[in-house]
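Here are the chains, one letter per residue:
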Amino acid sequence: MSSPPPLIATQHDTRARSLSFVNRIYRMRIVGTGLYMLPIASVLMEQVQPPAWIWAALLVNGLIWPHIAWWLARRAEQPLRQEFGNLIADTALAGAWIALMHVSLVPTIIIVSILSADRIAAGGLRLLKKTLIAIVTGFVLTWICLDYPFQPESSLRTIAACFPFLFIYGVSLSYVTHQLARQIARQNRELERLSRLDPALGLPNRRYFEDRAQHAMSLFKRTGQHASLLLIDVDHFKSINDRYGHAVGDAVLQAVAHTLASAVRDIDLAARYGGDEFAVLLAATEAKAALEIGERIRRQVEMLTFEGSPELHCSISIGSAQLQPSHTMLRDWIADADSAMYRAKQHGRNQAMSV
């Protein structure tokens with residue numbers, strides 16, 4: 001089965017992320033509207049025979065509206081936009097309930113505070129601004145229709161009824177925020193890892209290699225810890241591409257990359273330096289040992305075979321340079337290794353040489 005075109009794949013990913021947000025808000029809305037029914041019901045029971053439609057509206061808002069909002073968002077062409085509209089509707093309804101509670105002070109403060117914190121978590125200050133406008137609008141319109149009722153006193157029962165909403169929803173919101181923070185941290189770590197890699201070969205890229213080499217130079221200046229550098233070039237790589245095709249050329253680079261990654265220690269670093277060039281940073285390694293490592297890598301590469309091209313034999317030329325006090329800049333160290341690699345090529349290739 002062929003992969004979808006990039007644009008379609010991107011649209012699919014965007015919708016999937018939007019629906020994930022919708023589902024997360026859906027779960028929180030079920031908890032929130034279900035719990036904030038309690039203080040509202042407590043206040044309504046203290047009023048003089050509130051009409052039946054108010055009780056019906058409370059049940060619809062608390063038990064049915066979360067599912068309607070979820071259904072609307074999932075069916076929408078732009079789920080994210082619809083869900084933000086649902087969030088604004090939530091707050092407008094909350095404003096209406098504040099008026100229907102005759103501005104009972106404790107539940108009013110708690111509802112406004114929790115909704116504000118929730119909207120900041122969902123959409124930042126921009127959504128908070130829209131939320132405050134919606135809640136004030138819902139309140140004012142309902143309050144005018146009810147002829148401005150004002151009974152700010154809250155009974156002990158109403159205050160007690162606020163606690164489940166305050167505690168359970170507050171804890172749920174904190175948990176969701178914590179989970180999102182962990183997810184973002186994981187994604188950032190993955191992006192950082194990918195930014196260090198050459199995607200074709202799975203080795204670190206030149207930028208990351210140079211950062212590590214620069215760190216090795218700083219460590220050498222502070223502590224005197226030795227380090228060596230290998231620059232590696234695949235011999236006659238252009239000829240391999242011309243004769244066998246780019247697919248085989250890619251296979252050669254991948255085989256060399258795998259050989260390098262397998263040949264070095266955890267404290268070392270093998271990287272793609274560019275094109276058909278590779279680099280290896282050898283920590284705590286002096287010139288003689290570095291040349292021995294280079295020779296071992298050269299022999300391993302020389303023994304590589306390639307399925308479908310049994311006559312193809314690959315070789316590499318290696319230049320080795322130990323870090324010296326005279327290397328004031330990274331380019332000085334790299335230049336020495338590059339010079340040694342050039343001499344290896346001049347002397348017939350398929351060999352390792354040091355400065």
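Provided above is the structure to which this section pertains.
One structure accompanies this document, and this report is about it. (Residues numbered from 1 in each chain as written. Predicted model: local features only at pLDDT ≥ 70, side-chain atom pairs only at ≥ 80, totals over all residues. Heavy atoms only, no water.)

## Digging into the packing of aromatic side chains
Now for step 1: For the coordinates displayed, the defined rule picks out 7 aromatic pairs.
Now for step 2: Between Phe165 and Tyr169 the ring centres are 5.7 Å apart and the planes differ by 35 degrees, which places this aromatic pair in the tilted class. One end of the pair is Phe165 and the other is Tyr169, both in helix 5 (residues 156-196) and 4 residues apart, which spans about a single turn.
Now for step 3: Look at Phe165 and you get buried, because its relative accessible area is 3%. (Phe/Tyr/Trp six-rings, centres within 6.5 Å; stacked < 30°, edge-to-face > 60°. Helix = DSSP H or I, 4+ residues; strand = E, 2+ residues; numbered from the N terminus. Buried < 20%, exposed > 50% of the residue type's maximum accessible area, 1.4 Å probe, protein only.)

## Some points on the pairing of strand 4 (residues 316-322)
Now for step 1: In terms of burial, strand 4 is largely enclosed, as 7 of its 7 residues are buried.
Now for step 2: With burial as the criterion, each face of strand 4 is covered, one bearing Ile316, Ile318, Ser320 and Gln322 and the other bearing Ser317, Gly319 and Ala321.
Now for step 3: Here 7 bridges tie strand 1 (residues 227-234) to strand 4, and the two strands are oriented antiparallel to one another. The residue bridging Leu230 from the neighbouring strand is Ser320, located in strand 4.
Now for step 4: You can see the chain leave strand 4, run along helix 10 (residues 330-346) and come back into strand 5 (residues 352-354), and the turn it takes is left-handed. (Pairing = 2+ DSSP bridges. Right-handed = clockwise from strand over helix to strand, strands pointing away.)

## As for helix 7 (residues 237-244)
Now for step 1: Along helix 7, the residues that are buried comprise Phe237, Ile240, Asn241 and Tyr244. Buried residues of helix 7, seen end-on, are gathered within an arc of 100 degrees and therefore sit on one face of the element. Facing away from the buried side of helix 7 by over 90 degrees, the exposed positions are Lys238, Asp242 and Arg243.
Now for step 2: Contacts from the buried residues of helix 7 go to strand 1 and helix 8 (246-263). (Arc of directions from axis to C-beta. Contact = heavy atoms within 4.5 Å.)

## A closer look at the environment of Ile114
Now for step 1: Topologically, Ile114 is positioned in helix 4 (residues 105-145).
Now for step 2: Given a relative accessible area of 11%, Ile114 falls into the buried group.
Now for step 3: The contacts of Ile114, once residues within four sequence positions are left out, are Phe165, Leu166 and Tyr169.

## Regarding the sheet that holds strand 5
Now for step 1: Reading across from one edge, 2-3-1-4-5 is the order of the 5 strands in this open sheet, with mixed pairing throughout. Of all strands in the sheet, those with a lone pairing partner are strand 2 (269-274) and strand 5, marking the two edges. If you compare each strand with its neighbour and ignore which way they point, the axes differ by 20 degrees on average.
Now for step 2: Where strand 2 lies against strand 3 (residues 277-283), 5 bridges are found, and the strand directions are antiparallel. (Axes fitted to C-alpha atoms, helices over the stretch in contact; angles between N-to-C directions.)

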